[in-house]
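# Observations on the model geometry
Here is how the chains run, residue by residue.
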Amino acid sequence: MRYLIVSDMHGNSDAFEAVLRRVRRKRFDGVLMLGDMVGYGAGPNQVVDAVRELSERVYSVRGNHDKVVSGIESGDNFNSSALVAARWTTQRLTASNLRYVRDLPRGPISIDADLAICHGSPLDEDTYVFSAFEAFEIFSAHRVPVTFFGHTHVPSLFAQRDENVRVALLRGGEGSLVLDPETRYLLNPGSIGQPRDRDPRASFMTYDSEARLVRWFRVEYPIARAQRRILKAGLPRALADRLALGM
Ligand SMILES: [Fe+2]
């Protein structure tokens, strides 16, 4: 099966459209959506509509912003600009899109016996996985060979073989890896709508489960347009500024 893997679009419709344009000619059997469709950006309906219009089967999990926007959680742990954006998004989403976001399932979700998806950690949907120690704890409890996760907005790879956990930050652009059948993996495609690895380009992955081939991509998109949309919506300037910095 061939999968397109998208995460953390965060209401950035300009970035998401650029990603979909980049993969337009490719054939996928499914789309794995790792959460945080909305929150921060000023195009939440466009992002949700675009996901709902995908012709492929979509496997989704909810993110922490999806939960706050749809009223599942209060957002009392959010910083002020994230909370302002979440409230704005709740007001702006159509009733049908709000329901779609609210009904996103809690991760992890298994796609097949060897493949799972989650937002934060497979052990807890809200936990950030940045370090080899955190990955080691997950590998000890979660036996699925290949898991894609989001939430950190940093494209990265953790690989465990025997007792060793290897970490790689997938920086500097595009690349690929054939997964070793004797190794277990946690893979983060990075964020489409708000990258935080100092590379402002939208980040995503593809995975061919037969060939065991993971590829990662970066796509330029009209950042200035996304920033103008944020400012025009009256959202905090910091949310626009950080798009250009990739952090
Ligand atoms: Fe996020």
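This report concerns the structure included in the present document. For every chain, the first residue of the written sequence is number 1, and numbering continues from 1 along that sequence. Where totals are concerned, whole chains, interfaces and linings use all residues; where local detail is concerned, this predicted model gives features only for residues with pLDDT of at least 70, and gives and counts side-chain atom pairs only at 80 or more. Side-chain numbers here rest on the full set of heavy atoms in the structure, without hydrogens or water.

### Overview of the packing of helix H2 (residues 44-52) against helix H5 (residues 95-102)
Across the interface, H2 lies against H5 with an axial gap of 10 Å and an inter-helix angle of 70°. As judged from the angle between their axes, H2 and H5 are roughly perpendicular. Taken as a pair, H2 and H5 cross one another with a handedness that is left-handed. Residue-level inspection shows Asn45, Val48, Asp49, Val51 and Arg52 of H2 in contact with H5, the latter providing Ser96, Asn97, Tyr100 and Val101. The residue classification treats Ala, Val, Leu, Ile, Met, Phe, Trp, Tyr, Cys and Pro as nonpolar and Asp, Glu, Lys and Arg as charged. All others, Gly included, are polar. Broken down by class, the residue content of the contact of H2 with H5 amounts to four nonpolar, three polar and two charged. Fitted lines through C-alpha atoms give the axes, limited to the stretch in contact for helices. The angle between two N-to-C directions lies from 0 to 180 degrees. Secondary structure elements are defined from DSSP: runs of H or I of at least 4 residues count as helices, runs of E of at least 2 residues count as strands, and each element is numbered from the N terminus. Here roughly perpendicular refers to angles of 65 to 115 degrees, roughly parallel to angles under 35, roughly antiparallel to angles over 145, and oblique to all remaining angles. Handedness of a crossing is defined here by the sense of rotation of the near helix relative to the far one, left-handed for an anticlockwise turn of less than a right angle and right-handed for a clockwise turn. Here, residues are in contact when the closest pair of their heavy atoms is within 4.5 Å.

### Details of the side chain of Asp199
Tracing the backbone shows Asp199 in the loop between strand E10 (184-188) and strand E11 (202-208). Exposure categories follow from relative accessible area, calculated using a 1.4 Å probe and restricted to protein chains: below 20% of the type maximum is buried, above 50% is exposed, and the middle band is partly exposed. Asp199 sits in the buried class, given a relative accessible area of 13%. The contacts of Asp199, once residues within four sequence positions are left out, are Arg218, Leu245 and Gly246.

### Description of the coordination of the iron ion
Tetrahedral coordination by four donors places them ideally at 109.5 degrees to one another around the metal; octahedral coordination by six donors ideally gives 90 or 180 degrees. Note that water is not among the atoms considered, so a metal site may appear incomplete; the donors listed are N, O and S atoms within 2.8 Å of the metal, with 3.2 Å applied to Na, K and Ca. For the iron ion, the full set of protein donor atoms is Asp8 (OD), His10 (NE2), Asp36 (OD) and His153 (NE2), at a range of 2.1 to 2.3 Å. Written as a sequence motif, the donor residues of the iron ion are D-x1-H-x25-D-x116-H. Residue His10 is found in the loop between strand E1 (2-6) and helix H1 (13-22), and its partner His153 is found in the loop between strand E6 (146-148) and strand E7 (156-161); the two are separated by 143 residues along the sequence.

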